Amino acid sequence: MRRVELLLPAGNLEKLKYAVRYGADAVYLGVVDFSLRAMRKGEIITLENLKHAIDLAHRLGAKAYMTLNIFAFNSDIKHLEECMDIIKDANPDAILVSDFGILRLLKKCMPDVDIHISTQTNILNYECVKFWQDMGAKRVVLARELSIPEIAEIKKQVPDMEIECFVHGSQCVSFSGRCLLSDYFTDGERKANHGNCSQPCRWSYKLVESTRPGQYYEINQDERGSHILSPKDLCLVKHLKEMIDAGVDSFKVEGRTKSLYYVSAVAKAYRNAIDEIIANHDADMEKYFIELKKVGNRGYTTGFALGENPSDSYSYDISKGLAGADFLFEFRGKKKYSDINFESISSDNIFFVKIKNKVLLNDEVEIITPKEQFVTKVIEILDEKGNQLEVANTNADVYLKLSSEPEDYEVALARTIGVKEHVS
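For clarity, every value in this text was computed on a predicted model and none was experimentally measured. (Residues numbered from 1 in each chain as written. Predicted model: local features only at pLDDT ≥ 70, side-chain atom pairs only at ≥ 80, totals over all residues. Heavy atoms only, no water.)

Novice: I'd like a rundown of the overall build of the protein, residues and numbers included.
Specialist: Assigned secondary structure in the protein consists of 11 helices and 20 strands. Burial statistics for the protein: of 424 residues in total, 52% are counted as buried. Intrachain contacts of the protein at a sequence separation of at least 6 include 69% that bridge at least 24 residues. Element-wise, carbon and sulfur atoms account for 47% of the exposed surface of the protein, whose accessible area totals about 19,500 Å². (Helix = DSSP H or I, 4+ residues; strand = E, 2+ residues; numbered from the N terminus. Buried < 20%, exposed > 50% of the residue type's maximum accessible area, 1.4 Å probe, protein only. Contact = heavy atoms within 4.5 Å. Areas by Shrake-Rupley, 256 points an atom, 1.4 Å probe, with all protein chains shown as cover.)

Novice: Before we move on, can you summarise helix H4 (residues 100-109) with the specific residues and values?
Specialist: What H4 keeps buried is the set Ile102, Leu103, Leu105 and Leu106. Across the axial projection of H4, the buried residues extend over an arc of 165°, all falling on one side. Summarising the geometry of H4, the exposed residues directed more than 90 degrees from the buried face are Arg104 and Lys108. Buried residues belonging to H4 abut strand S3 (63-68), helix H3 (74-90), strand S4 (94-97), strand S5 (114-117) and helix H5 (126-134). Backbone nitrogen of Gly101 and a side-chain oxygen of the N-cap are separated by 2.7 Å at the start of H4; the cap is Asp99. (Arc of directions from axis to C-beta. Polar contact = N/O pair within 3.5 Å; in protein donor to acceptor, adjacent residues only side chain to side chain.)

Novice: Residue-level account of the nonpolar core, with values.
Specialist: Ranked by internal contacts, the top residues of the largest apolar core, which has 97 residues, are Leu29 and Leu142. If one sorts the elements of this core by residue count, helix H9 (residues 260-279) sits on top with 12 residues. Residues in contact with Leu29, not counting those within four places in the same chain, are Ala10, Leu16, Ile45, Leu50, Ala53, Ile54, Ala64, Tyr65, Met66, Thr67 and Arg256. Counting residues in each nonpolar core, the second largest holds 18 residues, with Phe329, Val353, Ile367 and Ala414 among its members. (Core = buried A, V, L, I, M, F, W, Y, C linked by side-chain atoms within 4.5 Å.)

Novice: Any details on the packing of aromatic side chains? Residues and values, ideally.
Specialist: Evaluated as defined, the whole model comprises 10 aromatic pairs. Note on Phe331 and Phe351: the rings are 5.1 Å apart at their centroids and 80° apart in plane angle, and the pair reads as edge-to-face. One end of the pair, Phe331, is in strand S13 (residues 327-336); the other, Phe351, is in strand S14 (residues 349-355), and 20 residues separate them in sequence. Residue Phe331 is classed as buried on the basis of its relative accessible area of 2%. By relative accessible area, which is 1% here, Phe351 ends up buried. A network of ring pairs unites the aromatic residues Phe329, Phe331, Phe351 and Tyr409 as a single cluster. One cation-aromatic arrangement involves Arg144 over Phe166; the distance from NZ or CZ to the ring centre is 3.7 Å. Positioned over the ring face of Phe289 is Lys238, at 4.3 Å from the centre of the ring. (Phe/Tyr/Trp six-rings, centres within 6.5 Å; stacked < 30°, edge-to-face > 60°. Lys NZ or Arg CZ within 6 Å of the ring centre and 35° of its normal.)

Novice: Go over the pattern of salt bridges with me, naming the residues and quoting the values.
Specialist: Considering all chains together, one arrives at 28 salt bridges under this definition. Put simply, Arg2 and Asp249 hold a salt bridge, and the shortest N to O gap is 3.7 Å. Of this pair, Arg2 sits in the segment before strand S1 (5-9) while Asp249 sits in the loop between helix H8 (240-246) and strand S11 (250-253), and the two are 247 residues apart along the sequence. Close ionic contact of Lys287 with Glu276 constitutes a salt bridge, the shortest N to O distance being 3.2 Å. Of this pair, Lys287 sits in helix H10 (residues 286-292) while Glu276 is found in helix H9, placing the two residues 11 residues apart along the sequence. Residue classification places Lys287 among the partly exposed residues on the basis of a relative accessible area of 45%. One salt-bridge network, held together by shared partners, links Glu5, Asp114, Lys138, Arg139, Glu162, Glu164 and Lys252. (Salt bridge = Lys/Arg side-chain N within 4 Å of Asp/Glu carboxyl O.)

Novice: Lay out the packing of H5 against helix H6 (residues 148-157) in plain terms, naming residues and giving numbers.
Specialist: Packing of H5 against H6 leaves a shortest axis separation of 9 Å and a crossing angle of 45°. By the angle between their directions, the pair H5 and H6 is classed as oblique. Considering how the two elements wind past one another, H5 and H6 form a crossing that is right-handed. Two secondary-structure elements touch here, H5 through Tyr126, Val129 and Lys130 and H6 through Glu153, Ile154 and Gln157. Looking at the contact of H5 with H6 residue by residue, the classes come out as three nonpolar, one polar and two charged. (Axes fitted to C-alpha atoms, helices over the stretch in contact; angles between N-to-C directions. Parallel < 35°, antiparallel > 145°, perpendicular 65-115°, else oblique. Left-handed = near helix turned anticlockwise from the far one by under 90°. Nonpolar A, V, L, I, M, F, W, Y, C, P; charged D, E, K, R; others polar.)

Novice: Quick one: what's the story with the environment of Asp33, residue by residue and with numbers?
Specialist: Along the chain, Asp33 falls in the loop between strand S2 (26-29) and helix H2 (50-59). Relative accessible area serves as the criterion here: at 39%, Asp33 is assigned to the partly exposed category. Asp33 sits 47 residues away from Leu80 along the chain, and the two C-alpha atoms are 8.8 Å apart. Aside from chain neighbours lying at most four places away, what touches Asp33 is Ile70 and His79.

Novice: Describe unusual backbone geometry, listing the residues and the values that go with them.
Specialist: In this structure, Asn91 takes a positive phi of about 60° despite not being glycine. With a phi close to 60°, Asn122 is a non-glycine residue in the positive phi region. Structurally, Asn122 can be placed in the loop between S5 and H5.

Written as structure tokens, this is what we have:
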């Protein structure tokens, strides 16, 4: 069976590294001025370090696609013209666009770069795909509103065009993400199509009748709450076989603003799922669906992939993603006794970690790495002065001794065991 690309988000340099180490064949990244996501945490990707980020992806054996997919105003075009030499020098493997003006500018300044057409262009049919092919595009990102049979028909009609489809992550309430609600509710200060959406679809609303000012009423649907616009998250891991058969070339995961744990765990699940399907086309994907419940989500839906969007595709009870497992700590390195000289350490090797959620002495935790997944026990906790602790609190930097140690500790992560029941 042919290999399909796994494409993960790279919200910052650290997430880029983890995404590739955990199985991504390619990453997509952007700078704030020209992207649909405004990153705020970690070593964010800027025009100054764009080349470094793309070079890092290449050194790790992955491709890097740059997003220039805003709908541009005159000021954006002028700024992009000023930055074109920087982008050209960074040498991305492809550039993702949705605006005709940006496309024209790229064809003039970077005529040899591969062009990928964003899902924001609402590509729903094969004639549209042929149009973008005539415009010089190598790949199209199809709208989420298509079913798998419709995707297959497009690939049949345009077999030499690469097809990219979202398979996992948050969904916008608006058609292919072209939403103006954020602009409206923030008086234009947070524009969704300039990377700064305030996500009003996730807000909780009340109803007021015009002749009864000040009297507010809950908006309920079957007593499930008032989040009337908030879609559940997409998860198509159980339908990867059908999508491969339909001719999809790249499986895309949403989430440039999601956590390091999210990027790593989702990449691991989809990498293993794809590899197992290639080895055995009839492989059962249920175990990977369970793994994906362990990352933050608003409940999962198949969206339009199986036909019409099902009635349970909206999350009426939660607006914030809830994870089925808590991210406990990130490994920062391995210290030896001679390096630390703590008399209380009972073994030569101990790990320096960043605590994300509280960890207790003798807790059992699940360790994941790109190649490993096992349960271990916290048998020793020490602070940076060597004092023994009973508890490692959130955001603390501590030393841990574990009953079983990961081999690939440089990108190892720890989480709670099992899946919490609140995730549907």
